[in-house]
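Here are the chains, one letter per residue:
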Amino acid sequence: AADLGAELVSLDDIYHRADFITLHTVLNDETREMIRAENIAKMKAGVRIVNAARGALINEYDLAEAIKAGRVAGAALDVYSQEPPPPDHPLVGQPGVIHTPHLAASTEDAQIVVAVDAAKLIVEALATGKYNNVVNPAVLGKA
């Protein structure tokens, strides 16, 4: 980090100091609902939040309340705890919230990687008879 000129700080420091918080992390017991009422209360008034990782990183009800109260200025969400979010979801239709339909793999580079991976799996299956990543192996007669 130092070589790149980046300062490593604690999550609490991020909550207190950041004008924008973007989430790009795995979902596990430690990160689940890392954005929730108690942490939003630590954030600068007017913070903006972007979630491009996993929906359950945010307590969406707490975020909706914080936006309504003006504590959070806005959010951009590519993921939701339930996908697609139901029509009565508290953030759907909320002013200040931008929604995208979970587009993580919709870049040109990501599509190339997926295509290359699929081609490698086909070549391996044809060359060796080994089928990786098969969802229903019973159809191959190889349960």
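Conventions adopted
Residues numbered from 1 in each chain as written. Predicted model: local features only at pLDDT ≥ 70, side-chain atom pairs only at ≥ 80, totals over all residues. Heavy atoms only, no water. Salt bridge = Lys/Arg side-chain N within 4 Å of Asp/Glu carboxyl O. Helix = DSSP H or I, 4+ residues; strand = E, 2+ residues; numbered from the N terminus. Buried < 20%, exposed > 50% of the residue type's maximum accessible area, 1.4 Å probe, protein only. Pairing = 2+ DSSP bridges. Axes fitted to C-alpha atoms, helices over the stretch in contact; angles between N-to-C directions. Contact = heavy atoms within 4.5 Å.

**Observations regarding the pattern of salt bridges**
- In total, this model carries five salt bridges according to the counting rule given.
- A salt bridge links Lys 42 to Asp 12; the shortest N-O distance between them is 2.9 Å. In this pair, Lys 42 is assigned in the loop between helix H2 (37–40) and strand S2 (47–51) and Asp 12 in helix H1 (residues 11–17), connecting sequence segments 30 residues apart.
- Overall, Lys 42 belongs to the partly exposed group, its relative accessible area being 28%.
- Residue Asp 12 is classed as partly exposed on the basis of its relative accessible area, which comes to 36%.

**Observations regarding the sheet that holds S2**
- An order of S1-S2-S3-S4 is seen for the four strands of this open sheet, with the pairing classed as parallel. The sheet is open, and its two borders are formed by strand S1 (20–23) and strand S4 (97–99), each paired with just one other strand. With strand direction ignored, the average angle separating the axes of adjacent strands in the sheet is 10 degrees.
- Bridge analysis of S2 against strand S3 (residues 72–77) gives five bridges, and the strand direction is parallel. Across the sheet, residue Ile 49 finds its bridge partner in S3, namely Ala 75.
- Its contacts with the sheet put helix H3 (residues 60–68) on S2, S3 and S4, and the angle it makes with S3 is roughly 140 degrees.

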